[in-house]
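Summary of structural features
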Amino acid sequence: MTDKLRPAEPASTSTSNSASEMLDRRTLIGRLGGGLGALGLAQLLAAPASAGAADAASATGGTHFRPRARRVIQLFMNGGPYQGDLFDPKPLLEKYAGQRPESVELRTERKTAGLLPSPFKFQPGGQSGVPISELLPRLSGCADELCVLRSVHTDNPNHGPALLLMNNGTIVPTRPSMGSWFLYGLGSENDSLPGYVVLCPGRPVRFSILWTSAFLPGQHQGTYINHASIDPRKMIPYLSSDELPASRQRRQLELMRALNERHLAERGGDAALESRLTAMETAFRMQTEASEAFDLNRETARSRADYGTGHFANGCLLARRLVERGVRFVQVYYGDGQPWDTHNNHDETVRRLARDIDQPIAALLRDLRARGLLDETLVVWGGEFGRTPTSENGNGRDHNHYGFTMWLAGGGVRGGMTYGETDDFGFQAIQDKVHIHDLHATLLHLLGLDHERLTYRYAGRDYRLTDVAGRVIRPIVG
Amino acid sequence: MPTRVGFAPWFAIVAFRSAIVAFRSAKVACAGTRYFRKSNVDSGSRYFRGAKGDYGNVDSGSRYFRGAKGDYGNVDPGTRYFRGAKGDYGNVDSGSRYFRGAKGDYGKANWGRASLWLAFGLALIGLLAGRVQAQTADELEWFERRVRPLLVQHCYECHSAQTDEPSGGLRLDSREALLAGGELGAAVVPGQPDSSLLIRAIGYADTNLQMPPDGKLPTKDRELLVEWVRRGAPFPAVESSQEAKPAGPRKLTADDLRRGKQFWSLRPLVPTQPASAGADGWSRRRIDLFLAAALRREGLQPSMVADRRTLIRRATFDLLGLPPSQEEVEAFVGDPSPDAYERLIDRLLASPHHGERWGRHWLDVARYTDVTASWLENTGQAWLYRDWVIRALNQDLPYDQFVQRQLAADLMDSSAPADHAALGFLGLSPTYWKELRLAPDVIKTVVAEEWEERIDAVGRSFLGLTLACARCHDHKFDPISMQDYYALAGVFASTRLADQPLIPGGEAERVRDARRQVATLDERIKQVTSERKQADAERQAALDQQLAELDRQRRQLISATPHYDLPWAHGVDEASLLVLPDGPDQTRLEYQPGVAQNVALQIRGNPASPGPLVARRYPAVLSRGEPEPFRAGSGRRELAEAIFEQSPALAARVIVNRVWTWHFGRGLVTTPSDFGAQGARPSHPELLDDLAERFIGQGWSLKWLHREIMLSSAYQQSSADDPRRSAVDPENRWLWRMNRRRLELEPWRDAILAACGQLDGRMGGPADELDGSAARRTVYARVHRHELHPLLQLYDFPPPAAHSPARSATTTPLQQLFVLNSPFFRQRSRSLAAAILAEQDGLERRVERLHERLFQRSPIAAELELAREFLSADDGTLAEAERWTDYVQVLLGSNEMMFVD
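Residues numbered from 1 in each chain as written. Chains lettered and ligands numbered in written order. Predicted model: local features only at pLDDT ≥ 70, side-chain atom pairs only at ≥ 80, totals over all residues.

1. Regarding the overall build of chain A
What chain A contains, in helices and strands, is 16 helices and 17 strands. Sorting the 478 residues of chain A into buried and exposed places 60% on the buried side. Contacts in chain A between residues far apart in sequence, at least 24 positions, make up 74% of those at least 6 positions apart. (Helix = DSSP H or I, 4+ residues; strand = E, 2+ residues; numbered from the N terminus. Buried ≥ 20, exposed ≤ 12 C-beta atoms within 10 Å, placed from the backbone. Contact = placed C-beta atoms within 7 Å.)

2. Remarks on the sheet that holds strand S2 (residues 569-582) of chain B
All names here are of chain B. Across the sheet, three strands lie side by side as S1-S2-S3; this open sheet has antiparallel pairing. Every other strand in the sheet has two partners, leaving strand S1 (495-500) and strand S3 (586-593) as the edge strands with one partner each. Pairs of neighbouring strands in the sheet enclose a mean axial angle of 45°, with direction left out of account. The pairing of S2 with S3 spans eight bridges and is classified as antiparallel. Pairing of Ser576 across the sheet is with Gln592, part of S3. Helix-sheet contacts for helix H22 (residues 440-463) involve S2 and S3, and the interaxial angle to S2 is about 155°. (Pairing = 2+ DSSP bridges. Axes fitted to C-alpha atoms, helices over the stretch in contact; angles between N-to-C directions.)

3. Regarding the environment of A:Asn78
Residue and element names in this part refer to chain A. Along the chain, Asn78 falls in the loop between strand S1 (71-76) and helix H5 (83-86). Residues Asn78 and Asp341, 263 residues apart in the sequence, show an inter-C-alpha distance of 7.6 Å. If we ignore the near neighbours within four places in the chain, the residues touching Asn78 are Pro204, Val205, Tyr333, Tyr334, Gln338, Pro339, Trp340, Gly383 and Glu384.

4. Quick notes on the environment of B:Ile558
Residues and elements named next belong to chain B. Locating Ile558 in the fold gives a position in helix H25 (residues 537-560). In this structure Ile558 comes out as partly exposed when scored by C-beta crowding, with 16 C-beta atoms within 10 Å. Residues in contact with Ile558, not counting those within four places in the same chain, are Ala514, Val518 and Tyr564.

5. Points about the packing of helix H27 (residues 648-664) of chain B against helix H29 (residues 702-710) of chain B
The relative placement of two packed helices is expressed as an angle between their axes plus a distance between the axes. Residues and elements named next belong to chain B. Running from amino to carboxyl end, H27 crosses H29 at an angle of 50°, the nearest separation of the two axes being 11 Å. Classified by the interaxial angle, the pair formed by H27 and H29 is oblique. Along this stretch, H27 crosses H29, giving a crossing that reads as right-handed. Here Val656, Val659, Trp660 and His663 of H27 lie close against H29, whose contacting residues are Leu702, Leu705, His706, Ile709 and Met710. (Parallel < 35°, antiparallel > 145°, perpendicular 65-115°, else oblique. Left-handed = near helix turned anticlockwise from the far one by under 90°.)

6. Digging into the packing of helix H24 (residues 505-534) of chain B against H25(B)
All names here are of chain B. H25 packs onto H24 with a crossing angle of 165° between their chain directions and a minimal axis gap of 10 Å. Judged by the inter-axis angle, H24 sits roughly antiparallel to H25. The chirality of how H24 crosses H25 is left-handed. For the pair formed by H24 and H25, the contact residues are Ala514, Gln517, Val518, Leu521, Arg524, Ile525, Val528, Thr529, Glu531 and Arg532 on the first element and Gln540, Leu543, Gln546, Leu547, Leu550, Gln553, Arg554, Leu557 and Ile558 on the second.

7. Quick word on the domain arrangement of chain A
All names here are of chain A. The domains assigned to chain A are domain 1 (71-236 + 294-476) and domain 2 (240-291). Taking the mean C-alpha position of each, domain 1 and domain 2 sit 39 Å from one another. Counting residues at the interface gives eight residues for domain 1 and seven residues for domain 2. Among the residues making up the side of domain 1 that touches domain 2, the classes are represented as four nonpolar, one polar and three charged. (Domains from an automatic or database assignment. Nonpolar A, V, L, I, M, F, W, Y, C, P; charged D, E, K, R; others polar.)

8. Points about helix H23 (residues 482-493) of chain B
Residue and element names in this part refer to chain B. Its twelve residues place the ends of H23 16 Å apart at the C-alpha level, agreeing with the 16 Å of an ideal helix rising 1.5 Å per residue. Among the twelve residues in H23, twelve count as buried, and that is most of the element. The set of residues buried in H23 consists of Met482, Gln483, Asp484, Tyr485, Tyr486, Ala487, Leu488, Ala489, Gly490, Val491, Phe492 and Ala493. Here the buried face of H23 lies against H22, S1, S2, strand S4 (599-602), strand S5 (610-614) and helix H26 (636-645). (Expected span 1.5 Å × (residues − 1).)

See the structure below:
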């Protein structure tokens with residue numbers, strides 16, 4: 001019956017772990033932050049609290065259902081490629097060249113004139129006969145891997161908002177990027193590399209907002225790497241010391257560990273202190289691991305030759321090296337600014353662009369297949385929107401968000417098929433339309449995540465990548 | 001005859017109601033054009049007709065930009081209505097699209113009358129249908145056996161009472177619900193399968209309206225449903241009126257409002273005497289009495305007071321964001337007087353660095369950026385707002401004034417011109433690009449996004465309420481209605497981002513005039529210069545003379561105008577933004593200075609489906625009585641005042657809890673910006689109320705609050721862990737110890753610079769690039785809203801595109817690479833090593849000195865031993881300075897440098 005509060009000395013500090021055993025999982029995650037890079041939230045939450053309580057998620061390895069894909073590579077043709085040149089042939093354009101039939105009376109961002117046929121021929125590719133343009137002869141050889149979505153549409157014909165919708169699922173620059181959601185849901189498979197890497201030999205429009213983690217924890221943001229130079233030390237900030245040999249750094253690290261451990265012991269355990277201690281060790285390993293992962297010179301001459309030369313080829317090869325090492329999501333932007341934004345000299349520019357991507361993409365698909373990685377690596381190709389079948393400035397094409405093509409390959413999608421249709425002129429999607437939300441829902445689905453259940457509570461709402469929309473495109477799931 | 005259901009009269013009522021609506025609309029003159037269109041016969045029939053190609057005609061503009069709240073609904077409305085997207089505020093009423101129809105509708109007149117006729121027509125049909133279609137027992141049985149199972153299997157997951165919010169507002173589990181339909185209108189027209197939306201949806205012919213979403217039903221099932229509708233859609237009556245109620249998002253009732261006012265955060269402060277009267281052997285301040293009671297209840301003992309070195313380090317980082325100097329530490333440790341700690345706190349509170357530390361906390365809340373959108377015409381200097389915040393906190397400007405000036409300094413008598421910089425809270429708000437080549441509806445959506453941004457910032461920052469959740473529907477959890485939301489939207493629709501001078505109006509006017517004249521002169525100079533290029537020699541000479549004269553006038557004008565070059569601040573002024581059509585497809589923006597406007601409620605958050613105008617006012621649940629409409633201009637000043645006059649309890653609870661959170665690392669309410677139903681409940685409600693009450697009593701003095709908190713026993717406890725107690729309370733909810741804190745990037749970087757003797761103490765002014773030689777405090781590093789510096793990103797700096805309630809503290813390997821390899825770390829280590837080598841002799845003395853500088857303590861024997869080992873293991877190749885640099889880098893990178901006990 002004491003009314004006195006007696007401030008107490010801490011009890012013995014030697015039994016250091018009992019406290020953290022008591023933490024509930026959420027607290028644990030919060031405290032450990034990125035120290036548990038290898039585990040996704042879903043896995044942590046799903047790990048059975050007691051034996052026998054294995055729920056559905058833990059049975060499938062921490063996801064909502066069986067994942068078809070474990071990793072994603074997105075090849076981003078920033079600027080917006082014209083589908084009618086590449087994957088969605090429209091022979092009727094020839095007949096109506098220069099005219100504006102009623103169905104093309106849609107508002108484009110800028111004024112466009114009559115229909116402008118594509119000069120490029122199509123051939124059936126592979127066993128499946130999926131039509132692919134003569135501009136992409138090598139990719140045509142991979143036609144059986146491709147699931148060509150011809151009926152994608154988005155909400156906005158301006159680059160910024162369309163890029164945001166494609167990357168962040170909304171036009172408002174305040175939401176987490178798709179890759180951050182992937183990482184939040186699945187964690188990384190490699191502790192020594194960032195789980196979400198964005199490669200661009202320059203800067204895409206809107207830049208870092210496209211890979212922001214926004215209100216998700218910071219370790220889920222994308223790591224932007226400018227691979228204009230392929231020296232790993234130039235690509236990753238602070239990757240290695242300019243002056244210290246590894247042996248000296250190793251000594252530093254040993255001293256740091258000793259000091260930190262003493263500091264920790266004196267305080268009787270603290271998850272935050274411990275996690276920084278571990279992260280320091282990981283960072284040390286990462287210097288070697290990342291230097292190795294990002295070093296294209298470690299590729300054989302043969303494989304360099306397969307991919308070809310140029311920034312985009314390097315990006316594709318880097319992407320393969322990264323997913324091979326368990327990086328969850330790699331985005332490869334085609335180039336600085338918006339190279340696919342062909343308002344003028346469209347045909348000429350596209351010839352060059354297509355030549356530039358054909359060999360590397362074909363090599364990437366073959367390489368992933370040969371290494372047994374394609375089945376669980378989802379490759380996504382496309383831009384933020386497509387382009388108009390009508391002409392702009394005589395020889396250019398304007399933005400088109402009503403209907404355009406993207407394709408998926410590997411990672412649990414059915415290859416050798418097309419899905420959806422645009423109208424006779426390829427202006428707008430009319431059948432089996434795929435909104436960006438649907439695309440996102442499908443990507444999450446392939447990764448084993450339910451887009452309606454992967455949520456994060458913020459500012460009074462449960463946010464999702466797909467907001468309140470999105471449906472999984474089931475017919476393309478293999 | 002029990003099977004006969006009176007749907008027909010009901011149907012008639014619905015129709016009649018729409019007639020009334022139409023009639024009412026007709027009185028609203030042209031403001032209601034859109035509204036009428038919704039019930040227009042012609043356009044309505046387009047929908048039912050389902051003519052192919054409709055979508056091409058539809059004003060597709062309205063589909064762009066459909067933003068935040070899931071207006072995406074417009075994009076693919078059909079599928080979404082019938083699908084089970086949660087929350088479905090997004091399911092925008094595509095009514096607006098369907099009914100809006102093709103271009104040219106705008107010109108039609110007499111919508112009101114047309115819809116009146118339509119409504120009567122429908123009523124008539126309803127009555128007739130009722131007469132013809134009686135429901136027999138056989139039919140009902142047939143329905144239950146064959147049809148109901150189909151509906152249950154394929155539709156009810158999203159369209160029945162089993163889901164909180166049926167998709168598209170449509171339920172298919174009662175006849176009334178079927179007929180009332182969802183946002184697209186009635187799902188079924190009894191007897192007319194061809195006109196029934198449900199049948200159209202299952203037909204899958206319309207790519208925008210396909211149900212069920214997983215795939216087309218087998219032919220026989222579809223035929224069955226067609227047959228069911230043809231037979232008049234027999235459906236047994238339901239007993240529960242609840243079930244029969246047409247579904248839709250929750251609507252706030254007067255009851256909700258009354259209950260809401262009793263919610264813990266919204267009710268008046270409840271003064272309570274602490275349970276313990278004192279003399280408990282631990283408590284020093286009133287705060288402690290409340291905490292002690294809770295500790296006792298939980299069976300916990302508090303911790304011992306921390307040692308003095310720990311205390312001064314803790315307090316100095318906490319209040320200044322800087323480490324104490326060695327001299328300060330020694331003085332404090334050696335001070336025998338009982339009030340030494342109290343004097344320490346007072347000294348720290350008086351330091352100008354206090355504002356730099358706490359200003360940064362506030363800038364997180366205010367989503368501060370140094371760089372605003374490139375398309376803005378503002379020439380204002382963002383840092384003026386940052387410096388105003390720092391100054392205001394240093395001066396202990398009462399919190400109510402602090403907030404009010406940030407919202408309305410330009411409209412308040414009590415604020416000086418220099419306070420116009422406070423308007424940066426609004427003036428630096430994110431803005432979104434308005435592409436005038438797009439249709440007005442598109443741009444209206446963009447503008448609506450901006451309103452939401454402001455409402456969100458104001459709601460969460462000052463009121464701890466997620467007001468923005470009420471944009472598309474009444475708030476799902478809190479008693480905030482859409483009317484409340486649009487009442488505030490009107491305030492921001494009447495407010496324009498505009499540079500504000502920091503000098504009195506008259507002088508500012510003169511500067512404005514002079515700037516205009518200089519601009520004219522500049523124009524003239526440009527003309528003459530270009531003319532000169534083409535002129536012959538003689539003419540050139542004359543033009544040169546002219547140029548000289550123009551230049552003289554220009555210089556004279558500038559020098560004769562006081563404050564000509566004084567920078568202006570990002571602020572706001574009073575002007576309404578109108579989004580107007582410019583030709584058929586494009587948009588024109590017009591600002592009307594000095595004019596205030598009410599805005600129309602946007603049904604489902606869709607600007608293309610406006611509801612009634614809402615008068616600008618304060619949210620009802622926060623108001624003492626019926627909320628009065630704002631009358632003075634935009635209402636910004638009234639809003640600012642209402643926060644403190646109408647809801648002082650909430651405002652005080654929110655800021656007290658924020659300050660508590662920043663001191664303890666954990667709030668009494670752990671959701672500092674959500675004091676609503678979804679937020680956490682206070683761990684110590686009486687303490688929070690007591691502190692809030694006294695805070696108000698102390699004239700909203702933040703420095704009083706800091707002092708009161710920091711003088712408590714709770715704050716002065718040791719942070720050491722204790723397995724027994726942390727087994728009971730692992731999160732330290734009951735504050736049985738102090739929380740150990742990881743320093744944010746700013747104090748951590750500042751401390752490193754300070755330890756190396758390189759911190760540049762200059763305050764204020766334009767931001768620095770956070771690279772290379774920048775040595776001022778990190779609060780002065782440039783914050784770019786959309787291109788945050790990589791170092792800031794690396795260390796959890798909150799994205800400044802939105803309000804940040806609290807920082808997260810992630811730990812990643814990439815952060816540690818910065819420690820291991822960055823030039824910043826290496827250079828600071830080198831210079832500190834050099835200083836120590838120059839300053840002291842002997843390994844031991846140098847190591848001691850380093851520990852004092854970095855950690856404000858002496859090394860223990862084990863640390864000395866480690867140092868000796870590290871520094872003397874020498875193969876003879878490494879210069880002394882290099883060895884010491886390596887050593888210093890380890891100390892700077894160690895946990896002790898980054899964590900405060």
